[in-house]
Amino acid sequence: MLDEDTIRFLWFWAWVLLAAWQWRRIRRLRNRPKVPWELGSKTIDLRGGRDTIHAILGGSSGNGKSTALLPLLRLGMPVAAIGFDDSQPLQSWWSAYTGDPDYIHWTMDGTLGWNILEGPPLAVAEALTAGFERSSQDTGYFRGLARNRLMDLIVEDDEAQRPRDLWLYVDMLRQGGPDRESNRACRRWAGSFETLLKTLGPSLGTDFDLTSAMRAGKKVLLLPNRFMLPESAALIGGIGLVQVRRAAAETGNFLVFIEE
């Protein structure tokens, strides 16, 4: 048995070592380089760490919301920007870096193919159904039925080592099965998918995958045109949002702009 003086001595040094460790940790955190974003009178540290930092800029068109984001593009961080409107500030910034391999500018004009079938089957199936409108009575139930069948088709292709083919999924979703509600949901999604594919054509391909681009430190602008193609723009935006979530789970530490 240790005597009382020895126990006090050991406890003393245990507290000393703990205090020294905490002090070193505090100094390391304080001296860590900041990633500041100056927004009016506020300065926001974007380091985040284990936390996700959210900021919402509101206001009418033309009051500088997009312009306030531009300084963030100078930071040495990957960026995923999804513009549901024709965001001139973001578009002009990316256009100024045309030819720069670190900037990827995706539009519906077919100059760049975005791989929307890359990733785990569940994430891909969820993304492909994310942008569809729901009725007030739906609550996502029919969307889930279509997602489940899509996931099964993707898993079957992966297990058979067949390439994923969205046109094939459109055809197979139209085929009837034993469940009436699933058939109804899948035929509805198949019609929307067909419209999406006919609208985008070569804009969907294998040129880049969003998760890989974030891992490589790229700055990506996904810019659907909701004025010319409103339905397809909403679908692409939904796919983009789910893929951003997947990229965040797999890579983390990048900036996301959602321009409505």
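The preceding data block contains the structure.
All values reported here derive from a predicted model rather than from experimental measurement.

A word on the environment of alanine 146
- By the secondary structure assignment, alanine 146 is in helix 5 (residues 141–159).
- Here alanine 146 falls in the buried class, since its relative accessible area comes to 0%.
- Alanine 146 sits 36 residues away from serine 182 along the chain, and the two C-alpha atoms are 6.6 Å apart.
- Excluding anything up to four places from it in sequence, alanine 146 contacts Thr129, Ala185, Cys186 and Trp189.

A short note on the pattern of salt bridges
- Counted under the stated rule, the structure contains 9 salt bridges.
- Between glutamate 194 and lysine 198 there is a salt bridge, with the nearest N and O atoms lying 3.3 Å from each other. Taken together, the residues glutamate 194 and lysine 198, both in helix 7 (residues 180–200) and 4 residues apart, mark about one turn of the helix.
- The class of glutamate 194 is partly exposed, set by a relative accessible area of 21%.
- Looking at lysine 198, the relative accessible area reads 61%, which means it is exposed.
- Across the pair arginine 215 and glutamate 250 runs a salt bridge, and its minimum N-O distance is 3.8 Å. Highlighted residues: arginine 215 in helix 8 (residues 210–215) and glutamate 250 in helix 9 (residues 230–250), separated in sequence by 35 residues.
- The class of glutamate 250 is partly exposed, set by a relative accessible area of 39%.
- A single salt-bridge network, built from bridges that share partners, covers Asp209, Arg215, Arg246 and Glu250.

Notes on unusual backbone geometry
- In the Ramachandran plot, glutamine 161 falls in the positive-phi region, its phi being about 60° despite a non-glycine side chain.
- Mapping glutamine 161 onto the fold places it in the loop between helix 5 and helix 6 (166–174).
- Accessibility expressed as a relative area gives 75% for glutamine 161, which makes it exposed.

Basis of the calculations
Residues numbered from 1 in each chain as written. Predicted model: local features only at pLDDT ≥ 70, side-chain atom pairs only at ≥ 80, totals over all residues. Heavy atoms only, no water. Helix = DSSP H or I, 4+ residues; strand = E, 2+ residues; numbered from the N terminus. Buried < 20%, exposed > 50% of the residue type's maximum accessible area, 1.4 Å probe, protein only. Contact = heavy atoms within 4.5 Å. Salt bridge = Lys/Arg side-chain N within 4 Å of Asp/Glu carboxyl O.

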